[in-house]
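# Fold and contact review
Residues per chain, in single letters:
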Amino acid sequence: MLTAPPLPATTSAPRRFLPVLPVVALVAMMALPVSGGGEGGGGTIADAVSGLVVLYCAIRLVRDRRRPLSRTAAVVLALPVVGIALAAAGAASPGAGITGLVRYLQIFVLVPAAVMLLIRDRRDARLVAWSLIGLALWQGAIGVHQYATGTGASYMGEEIRAVGTFGATDVMGMATVVSFGVVCSLGLALGAGPGRQRTVAALCSLALLLPLALSFSRGAWIATAVTCGAQLALAGMRRAVKVFAVVAAASVILVGGLGVGTAMLQERISSITQVADAPDQSVTDRYTMWAAAVDMWRDQPLTGVGLKGFPDHRDGNASLALSSGSDTEGAGAGFKRQPLLSPHNMYLLILSEQGLLGLLALAGSWLALLVCGLRRLVRARRQAPRGLDCALVACGLLTWQLVDFAYADIGGPSTALTAVLFGLGAWWALASEEAGER
């Protein structure tokens, strides 16, 4: 793949980072309070900015007259289009098909490709990573304030759940953002960058553990724990032991010494092991919707029931154990009952709506990104340790998302960040070797 030549060292910082600034602006949009437009699958400001990012990238490609993608990158990034297009054609209505087609192309094809092309080297990648950390610190600080003042989302009868600016209707939004911050900061801390950068990144990683805990999000905890463990193992076992000791000490101080939500946190943590023996209603609903998604796939094994088809087929395939919806309240919003319109499992959502062809295409693209990224990470650790931080960040974010997709799916205002994540991962996995070494 042809890449733009590096700018001279004398280039001013704003001009030096000009190509990647639209990506940073997209991340910054997540710091704004979420309006009602983000509910029910409507568009948000971040979605509009993501479209501008794609347009900006297209203009730069035309102006520079360069080939945008290598053959491998084009195949991997375009692979999901096959299943998405077939599922859109099989949608219940043209409107549903077009809406679903645009959404999937936005999150998994167009924006990731634009982000990949706008990130030119490790400095750009680090800037995007630090922007994610900054967003996580901002949302985390709001979340901690919500917990301390009782102004968060409702949890077990108390308005203490940290949700940041995302509100009670997207309780996973802040948890997702903070998790991205933890993964990025740990990756930068484990790299071979300047000592000051690694120290600041490590402190940020520890600071973000508190809002992550106060999000009461079991899914975010599991995905973050798995990803951080993988990052530590990939960075070296000796360093992993030291970091584990620091994290354990910080956890003891936060939860044990300071008593940060001790009783509720312990109950929430223990509920993770009770998903089979004594599941709560939210877990029961999730299992029921998973079974319904599998039944939909059995009816249409190759192409699924069509994009946006899960809600229409849910009641005909779900058992009576499924509740009518989930209750949301707090964080400035009144009581509201949200309908359960997805199986909360991205793989089963794709399987039910796009069939086996769609799942193989999308999941195959994601797996290819992760495998290519890990291969380059191993080479970077041996040959160019200066790029190890970018490798750990990119592979870590991909790992987090693929683990989280086992009990979550796209939806809500924070979804645009998923596209940034895949774009950053694609840059590391598929960009030219020269881009990863600069």
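See above for the structure.
Numbering of residues starts from 1 in every chain and runs along the sequence as written. In keeping with the model being predicted, local features are shown solely for residues with a pLDDT of at least 70 and side-chain atom pairs are shown and tallied solely at 80 or more, while totals for entire chains, interfaces and linings include all residues. In computing side-chain values, all of the structure's heavy atoms are included and hydrogens and water are not.

With that settled, consider helix H10 (residues 218–235). Secondary structure is summarised from DSSP: a helix means a run of H or I of at least four residues, a strand means a run of E of at least two, and numbering begins at the N terminus for each. Take the number of residues in a helix, subtract one, and multiply by 1.5 Å to get its expected span. An ideal rise of 1.5 Å per residue puts 26 Å on 18 residues; H10 measures up with 26 Å between its terminal C-alpha atoms. Think of it in three bands: residues with accessible area under 20% of the maximum for their type are buried, residues over 50% are exposed, and the middle band is partly exposed, with areas taken using a 1.4 Å probe on protein chains only. For H10, every residue scored as buried is listed here: Arg-218, Gly-219, Ala-220, Trp-221, Ala-223, Thr-224, Thr-227, Cys-228, Gln-231, Leu-232 and Ala-235. Trailing H10 by a residue or two, Gly-236 shows a phi angle of about 130°, which is positive.

Stacked, tilted and edge-to-face are the three classes applied to pairs of Phe, Tyr and Trp rings, where Trp contributes its six-membered ring and a pair requires centres within 6.5 Å; stacked means planes under 30 degrees apart, edge-to-face means over 60, and tilted covers the rest. What the rule picks out here adds up to 11 aromatic pairs. Aromatic pair Phe-108 and Trp-366: ring centres 5.3 Å apart, planes at 50°, arrangement tilted. Taken together, the positions of Phe-108 in helix H5 (residues 94–118) and Trp-366 in helix H15 (residues 346–383) put the pair 258 residues apart, joining distant regions of the chain. The same class applies to Phe-108 as to Trp-366, namely buried. A centroid spacing of 5.1 Å and a plane angle of 40° characterise the contact between Trp-366 and Phe-405, whose relative ring orientation is tilted. On the criterion of sequence distance, the pair formed by Trp-366 in helix H15 and Phe-405 in the loop between helix H16 (388–404) and helix H17 (415–430) is long-range, its members being 39 residues apart. Here Trp-366 matches Phe-405 in class, with each residue buried. Here a set of aromatic residues connected by ring pairs shows up, and it is made of Tyr-104, Phe-108, Tyr-347, Trp-366, Phe-405 and Phe-422. In this structure, Arg-376 is placed above the aromatic ring of Trp-428, and the distance from its NZ or CZ to the ring centre is 4.7 Å. Placement of a charge over a ring requires the Lys NZ or Arg CZ to be within 6 Å of the ring centre, with the centre-to-atom vector within 35 degrees of the ring normal.

Only one rule defines a salt bridge in this text: a Lys or Arg side-chain nitrogen within 4 Å of an Asp or Glu carboxyl oxygen. For the structure shown, the criterion picks out six salt bridges. A salt bridge links Arg-63 to Asp-64; the nearest nitrogen and oxygen atoms lie 3.3 Å apart. With a relative accessible area of 29%, Asp-64 lands in the partly exposed category.

Examined against the element boundaries, Ile-133 turns out to sit in helix H6 (residues 122–149). Among the residues examined, Ile-133 registers a relative accessible area of 1% and is labelled buried. The spacing of Ile-133 and Cys-184 is 51 residues in sequence and 6.6 Å in space, taken between C-alpha atoms. Contact between two residues is taken to exist if any of their heavy atoms lie within 4.5 Å; hydrogens are not considered. Here Ile-133 is in contact with Gly-181, Cys-184, Ser-185, Leu-188 and Cys-204, once residues within four sequence places are set aside.

Another point: the pairing of strand E2 (residues 158–161). Here strand E1 (residues 153–155) runs beside E2; their pairing, made up of three bridges, is antiparallel. If you follow Ala-153 over to E2, its bridge partner there is Arg-161. Two strands make a pair as long as DSSP finds a minimum of two bridges between them. Where E1 folds back onto E2 in an antiparallel hairpin, the turn is made up of two residues, including Met-156, whose phi is positive at roughly 55°.

Before going further, it helps to examine the packing of helix H2 (residues 21–28) against H6. Orientation is described by axes fitted as lines to C-alpha atoms, over the contacting stretch for helices, and by angles from 0 to 180 degrees between their N-to-C directions. Interaxial distance between H2 and H6 falls to 9 Å at its minimum, and their mutual angle equals 15°. By the angle between their directions, the pair H2 and H6 is classed as roughly parallel. Along this stretch, H2 crosses H6, giving a crossing that reads as right-handed. Here H2 contributes Leu-21, Val-23, Val-24 and Val-27 to the contact with H6, which in turn contributes Leu-127, Val-128, Ser-131, Leu-132 and Leu-135. Angle categories: roughly parallel below 35 degrees, roughly antiparallel above 145, roughly perpendicular from 65 to 115, and oblique for all the rest. Helix crossings get a hand from a simple test, with the near helix turned counterclockwise from the far one by less than a right angle marking a left-handed crossing and a clockwise turn marking a right-handed one.

Let us look at the side chain of Gln-401. Structurally, the position occupied by Gln-401 is in helix H16. Setting aside anything within four residues of it in sequence, one finds Gln-401 in contact with Phe-180, Thr-418, Leu-421 and Phe-422.

Everything listed is a geometric property; what it means functionally is a separate question.
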